[in-house]
Each structure stands twice: as C-alpha cells, then as structure tokens.
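Secondary and tertiary structure notes
What follows is the residue order along each chain.
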Amino acid sequence: MKLNGAQILVDCLKSEGVKHIFGYPGGAVLHIYDALDSCTTIDHVLVRHEQGAVHAADGYARTSGKCGVSLVTSGPGLTNAVTGIATAFTDSIPMVVISGQVPSAVIGSDAFQEVDAVGITRSCVKHNFLIKNADDLAETVKKAFYIATTGRPGPVLIDITKDATIAEIEYEGYPETIEMRSYQPKVQINTEQIAKAIAVIEKAQKPIIYSGGGSVIGNASEALTTLTRNTGFPITQTLMGLGAYPATDKQSLGMLGMHGTYESNMAMHDSDCIIAIGARFDDRITGNLEKFCPYAKIIHIDIDPSSVGKVVGVDVSVIGQVNDVLHALIQGLKGKTLSNIDTWWKQINEWRKVDSLAYKTTEGIIKPQTVVEMLYEVTNGEAIVTSDVGQHQMWAAQYYPFDKPRRWINSGGLGTMGFGLPAAMGAKLAEPDLEVACVTGDGSIQMMLQELSTMLQYHTPVKIINLNNGYLGMVRQWQEFFYEKRYAMSYMDALPDFVKLAESYGHIGIRVEKEADLKPALLEAFKQKDRTVFLDIITDPTENVFPMIPSGAGHHEMLLAGRDEMASTNDSGLNLV
Amino acid sequence: MRHIISIQLENESGALSRVAGLFSARGFNIESLTVATTNDPTLSRMTIVSVGNDDIIEQIVKQLNKLIDVVTVTDLTATEHIERELVLIKISIDNDTQAKVDTQLDAFNAKIIDAAEEAYIVELAGKSQKINDFINAFDADKIIEVSRTGVTGVCQKIES
C-alpha cells in the first residue's frame, strides 16, 4: 500500500493502540495533523501550550499505566515540551513524544523553527531518534514504544523531518515484534540474590519496607501488599510510591523523608533491615547521608542496576521487575520463621503517639491541612489527586491517605510547578468515571493556567483546589527558617481574581474565605459532575509544612510542628538546596 | 584509579554525543576518548580512559549500559589487556640538535615519517606512560606540535 510518511505514522500509532494524543500543530507537523484528521480511533487534545501537552500525556500515563503520547511542532514547539519531557524522565513515566523537524535538506542551516531536538532532549529522555526517511518510520515508532514502556520506563522522542512525513512509500504494515541487540530489558532474577535477601530478612529484628515509585509504575501493588501482610513488617512509602500499599492500613507508617512522618523516619533510622523496593534513595528521602540508617542492612530491589549503589551502599541487591522480585521473595519466604518483632512494633507505636501530623488550628483562618482533610472526606478518599509543587503538594501527600496506586499524581523528581492542572486533564481522560482533584497553589496554578481553556473544549471536569496563601509558600518557609525571614521575592502581589478568571474560561469559580464555608463549597464543587470548578481557598499565609528534616540533618533529627517552630540548618544543609 | 573502558555501540549518528553527554552531565572524568568503526560496519568501538574510585567506575559502567545504543561495556583494566596509544610529534631540528634527536628516537624505537629541513614528524605507539616519557625526553622548546590519539585497547582473553 502506498502511503505518505504522515499516514504511516498515524497507522503506527493506531496499531500501538493509542487512544489519545496531546498536541499542538505547527508548520513541521502539518502533514501529520492532516493524516490525524481522518483517523477516527485516536482523539487529539489540542492544548494551549506544549508543556501542557506533555504534562497531560504524563498524567494520562501515570493514571492509566499506558504510554502517554504527545505531538508538537519543531523549534519552539519542542523547546516548550522539554520541561514536560524532563518531568516524565525523572519520574520514569512511559511516554512517546513526536516532534516535527524542518526538512532534512535544510537541517543545520538555522532554518525557521529549527532546533536540534535530539541534542536538546538527549539528557532528559530514555532515548531519542531523528527520522529523515519515511522508510524508517514504522520500525522506529515500534522501537520507541518498546523502549518507553519496558525496563525502567521513560520518555522517548521521535523527531521527524517534514519531508519524511510527505514522502510516499510502499508501506508494509506495522511490525509486530522488534529485536534490539543493544537493549534487552527482560531480566532473569538471580535466585542467589533472593536467597541472600531472605537470609537477611529472617534475622531482622527491626525490619522496615521502604517502597517507592517503582511499586506503582511496576504495577506491584498487590505483591507489595502480600509481602507486607505476610511478613507483618512496617512499611513506609516515598512521595512517588504513595498508594501502592494502602495508607490507612495499620502496617503503614506513612510517607518518609523530608516531610515524612516521625514514625517512618525514626523507624528508618533505627532499623536493622531495610527492604528498599523500587526506590532510589533520593536526597529528599535520605537527608544527611552520613547519618542515614546507621544500623541497617539494606536490601535493594530495582529494575535499574544504576540505581543500586548510586547514593547508598547496599548489602543485597536484586535486579528485576519489582513485581517479579516481590513474587520470588513471597515464594522464598514461605515456611520460613521470621523473628518476633513485637518489641519493634511497640517502639514504632510509641513514635506514632508523637502524632507528627498534628497541627494547630486558629479561629477564623483556614488551615491548608484542613482543606486536604476535608477533600479526603468529601471524596471518600477515592479521588485521583494531582498536585503542583510546593507546600500544597506536601500537605496533599500528608493528609490525603491513598489506598490505591495511580491515584496520586505529582512531579516528585523534577518538582515541576505547573504540572498539576494539565496532569489532571490527562488523568480525567484516562479515568473519566473517577473524580479528579488538582491540589495547587496560587504560584503553581499560574504556570499552566491556559489549560483551563483546553479543559472546557474537551469536557474534562476536574476540581481545582487552590490553596491560596499569597506566597510562594515553600520558598517563604525556607526563607523564614534559613534566611532570617528575609522574604525575597516570595510574595505574590497582584493575584488575579481566580473566580472571574475561572468564569471567563467557562468554568465555575468559588472563593472560600471562612472555614464554615469550606465544606459546603467542596460539596457543591463535587456536585457539579460535568463542570470544572475552581475553588480559590484563602489559607493561612504563615503556615509551614511539618514535620521536617532540615537539609543536612538525619532522620532522627526531625522538627515537629508546635514543638520546634523554627528549623535551623548548617552550611552543608544550605548547600543541599 | 585510571580505568580503560571499552564500549561497543551502534554505529549511528549521535551515539558519540550520547556517551560524551553522559560523562559531562554526571560529572565523570574523560582523560581520553577514541572511536572508530569496527570490522562490523554497524558497530563502533569507543575506548574511554577515565579516573575515579571503584564506586564511580561502577556507576560509569552501569550508566553506559543504560544507553540504548550501547551494546557492550568492558572495563579493560579489570582484565588482562593490551593498551596502545599513538602520538605524532613535530620536532624542530637544526645541525646542533639533530644528532641528539636521532639518539632519542632510536632509544624509543620511534619512526620518522616525514623529514623536512627544519623539522621531523615522528610517530610512536605504546602505552601512555611510554608516550609521556618520549615527549618529556625532548626540550619543550623543540616540540612544535603534539597530537595523541588517546588510548585504545583490547582484552587478551579470547571470547567465544
């Protein structure tokens, strides 16, 4: 069959089972858009900014577990997409981004809307391709999806010159399989390592399971739950891992790390056996490495060998798909007698009594924590919650206990402000029957505000919970603690009237200033099933995120709300960001 | 410690920049880098000399293995291996110094590949240390130009 490159590309995407593409047209991709227009099985979502396209594809991928797909034009289309690509890369999200490129004959001539897409994205993609020839399209698209979705997932960019989309060639169909000698993502689990891990687990007196984003991305929630229940071990989860194990279960200690719970961090510090599962010992988790888990033998389970030993030396590593490794562990532990850990649980329950998430309420002022707690109540804990980046992100993670995976969607690794709103749109398209709430702040929301328009066009009703404190709250908090309250450029003067703004985009806007109005407003918002509702909630401008491990401190040196109002740090802490 | 890392990678445009970019992005050292196609035209062989402790070298090897274009990564220094580097040196000569230069060339078994009236172009292959010694054997002001290829190497073990 004779087809042009653009038609072949669209057929490839159809064959991959792609249902949604988030994109923005431009000169270099006009042929692709022309081919897409006659395709009935793929819905294209026209965003208002390419960064929004990639974040929406990302939110779609995180929610559905499928590969997100984004389509942008050359030059600024691609550069706008880069922040989204880097966001997906840092959190290992499967995604294929297709970008147009100037015709191959003018590459390198500084042509209109030309950038070196492959060069610019090289350090923030799992892999990228430049296609100059329509003959290479089908195999490359196959490779791109294969690479993006297998092993440790990640974004793959396909940059296609305009002439390759125009050229007509004989198309033999989308390849069914692909072989790559340089990429072998399937890993045989080393049974010796499993045996070693079990030997360590058997001796553990103070064990703890430390589970990360890999448990969510690797669809290992069930196996993780079985392992945790079978062993009776306490479990703590990273910001990226929340939901893989039910947060409301009694074995769950909550999140760990910089703003994790006291019991999680103390248990990590005192533990003699840490089972790290799909987690990468990020600096927000470990705090000061010299003080990190001084007594523990560490078992590290990960799909990516380079994660092992990168930050922290480990005693036993098991490389493989998290789900497969967990099943092997569960099998191997059958019939084994583990140590009695009653004393350990007793100690953990003492730490729990500290109630590190307690916060003081003030008459007449809405506390941001209360908003999240009420959101949980109103949605019965069943919503998909996306967030932006800052204080509100931490409060959402702390006060909305997630019992299921893929319900908590946030930019944990890169920390991209502006992620939440387009991600919510992608999440809603992936799970139209679930409520989607975007917990955001007055700083973050303004970074991707234009997507409100897209959300109207494509009927993706989400509830925007804007914790409006007039500040770049996390910056303000650090300035209060570490810069002697010099609030340099962290105050947001001249905020828009978010209610009118929402209305001008065709949505509902509600401003909430009194605590008494909070619950009715939330109920009203969720009653509006088919509408996007923007709740502009005026919260305490001075509230800080607690508990906190200040940079440079260890897990056992947490600061607690009401007890240590002022955090301090040392020189190495300030250096750490 | 100095390590020689030998990489086989797909002979595709951009593969070199992926490797070079990885080293700069992650703050790894490159002392030298050589690359050329192998007898299999679809494969290139890249040899990198890097310096780092065991943890760093382990990360370098793991990160290289993660690159999609990379087929194999071998730390040659961890096995029996042969390493060689080639240098071309342009040395100025005159009646007073020529005899001395000739003696030095003989001592190192170096080859004159171009002899003009005022300068020799000399070729020498060997381990990096030998090349260093050779360069240092001349008065600095007599050396007009030095061009080294960087190290390449092969594992001595015969693999099936």
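What counts and how
Residues numbered from 1 in each chain as written. Chains lettered and ligands numbered in written order. Predicted model: local features only at pLDDT ≥ 70, side-chain atom pairs only at ≥ 80, totals over all residues. Heavy atoms only, no water. Helix = DSSP H or I, 4+ residues; strand = E, 2+ residues; numbered from the N terminus. Buried < 20%, exposed > 50% of the residue type's maximum accessible area, 1.4 Å probe, protein only. Contact = heavy atoms within 4.5 Å. Areas by Shrake-Rupley, 256 points an atom, 1.4 Å probe, with all protein chains shown as cover. Lys, Arg positive; Asp, Glu negative; His and termini not counted. Charge placed at Lys NZ, Arg CZ, Asp CG, Glu CD. Salt bridge = Lys/Arg side-chain N within 4 Å of Asp/Glu carboxyl O. Polar contact = N/O pair within 3.5 Å; in protein donor to acceptor, adjacent residues only side chain to side chain. Nonpolar A, V, L, I, M, F, W, Y, C, P; charged D, E, K, R; others polar. Domains from an automatic or database assignment. Buried area = accessible area lost by both parts, 1.4 Å probe. Core = buried A, V, L, I, M, F, W, Y, C linked by side-chain atoms within 4.5 Å. Pairing = 2+ DSSP bridges. Right-handed = clockwise from strand over helix to strand, strands pointing away. Phe/Tyr/Trp six-rings, centres within 6.5 Å; stacked < 30°, edge-to-face > 60°. Expected span 1.5 Å × (residues − 1).

**Some thoughts on the overall build of chain B**
Assigned secondary structure in chain B consists of four helices and nine strands. For chain B, the α and β elements follow one another from N to C terminus as β-α-β-β-α-β-β-α-β-β-α-β-β. Counting only C-alpha atoms and orienting by the principal axes, one finds that chain B spans roughly 55 × 35 × 30 Å. For chain B, with 160 residues in total, the buried portion stands at 42%. Within chain B, contacts between residues separated by at least 24 positions form 73% of all contacts whose residues are at least 6 apart in sequence. As displayed, chain B has an accessible area near 8,700 Å², and 49% of this comes from carbon and sulfur atoms. Charged side chains of chain B number 15 positive and 25 negative; the gap between the two group centres comes to 6 Å.

**Concerning the interface of chain A and chain B**
Counting residues at the interface gives 16 residues for chain A, matched by 17 residues for chain B. Across the chain A-chain B interface, the total number found is three salt bridges. B:Asp40 is the salt-bridge partner of A:Arg181, the closest N and O atoms lying 3.7 Å from each other. In this structure, the connection of chain A to chain B is made through 11 residue pairs in polar contact (both at pLDDT 80 or more). When its residues are assigned to classes, the side of chain A that touches chain B shows five nonpolar, five polar and six charged.

**Some words on the domain arrangement of chain B**
When the parts of a complex come together, some accessible area is lost, and that lost area is often taken as the interface size. All names here are of chain B. Entries for chain B in the domain assignment read domain 1 (2–78) and domain 2 (82–155). Spacing between the C-alpha centres of domain 1 and domain 2 amounts to 28 Å. In this assembly, eight residues from domain 1 lie in contact with nine residues from domain 2. When the two sides are added together, the surface that domain 1 and domain 2 hide from each other amounts to roughly 600 Å², 57% of it contributed by carbon and sulfur.

**Some words on the nonpolar core**
All names here are of chain A. Residues Tyr210, Ile275, Ile277, Ile299, Ile301, Leu326 and Leu329 are the most contacted members of the largest nonpolar core, which totals 57 residues. Take this core: its biggest share by element is six residues, from helix α13 (residues 322–333). When neighbours within four sequence positions are excluded, Ile277 is seen to be in contact with Ile209, Tyr210, Ser211, Gly212, Ser215, Leu224, Leu227, Ile301, Val322 and Leu326. Listed in part, the 46 residues of the second largest apolar core include Tyr60, Val72, Ala427 and Ile464.

**Focus on the pairing of strand β3 (residues 43–46) of chain A**
Residues and elements named next belong to chain A. Relative to β3, strand β2 (residues 20–23) runs parallel, the two sharing four bridges. Note on β3: the bridge partner recorded for Phe22 is Val45. With helix α2 (residues 30–37) bridging β2 and its parallel neighbour β3, the resulting β-α-β unit is right-handed.

**Re the pattern of salt bridges**
Residue and element names in this part refer to chain A. Applying the stated criterion across every chain yields a total of 31 salt bridges over all chains. Residue Glu16 pairs with Lys142 through a salt bridge whose shortest N-O separation is 4.0 Å. Taken together, the residues Glu16 in the loop between α1 (5–15) and β2 and Lys142 in helix α6 (residues 137–149) connect sequence positions 126 residues apart. A relative accessible area of 27% means that Glu16 is categorised as partly exposed.

**Some points on the packing of aromatic side chains**
The full count for this structure, using the stated rule, is 18 aromatic pairs over all chains. Ring centres of B:Phe108 and B:Phe134 lie 5.1 Å apart, and the angle between their planes is 65°; on these two criteria the pair is classed as edge-to-face. Note that B:Phe108 is positioned in helix α3 (residues 98–108) and B:Phe134 in helix α4 (residues 128–136), a separation of 26 residues in sequence. B:Phe108 sits in the buried class, given a relative accessible area of 18%. Taken together, the aromatic side chains of A:Tyr376, A:Tyr400, A:Phe402 and A:Trp408 make up a single cluster linked through ring pairs.

**Some thoughts on helix α8 (residues 191–203) of chain A**
Residue and element names in this part refer to chain A. Here α8 is 13 residues long and its end C-alpha atoms lie 19 Å apart, about the 18 Å a rise of 1.5 Å per residue gives. Buried residues in α8 make contact with β12 (273–277), β13 (297–302), β14 (316–319) and α13. Taking the backbone nitrogen of Glu192 as reference, a side-chain oxygen 2.9 Å away marks Asn190 as the first, capping residue of α8.

**Describing the domain arrangement of chain A**
All names here are of chain A. Partitioning chain A into structural domains gives domain 1 (2–170), domain 2 (191–353) and domain 3 (368–538). Contact with domain 2, which involves 18 residues of that partner, is made by 18 residues of domain 3. When residues of domain 2 are sorted by the area they lose upon contact with domain 3, Leu239, Leu242 and His259 head the list and together hold 38% of the total. Where domain 2 meets domain 3, there are zero salt bridges. In this assembly, domain 2 and domain 3 are joined by eight residue pairs in polar contact (both at pLDDT 80 or more). Grouping the amino acids of the side of domain 2 that touches domain 3 by side-chain chemistry returns 11 nonpolar, five polar and two charged.

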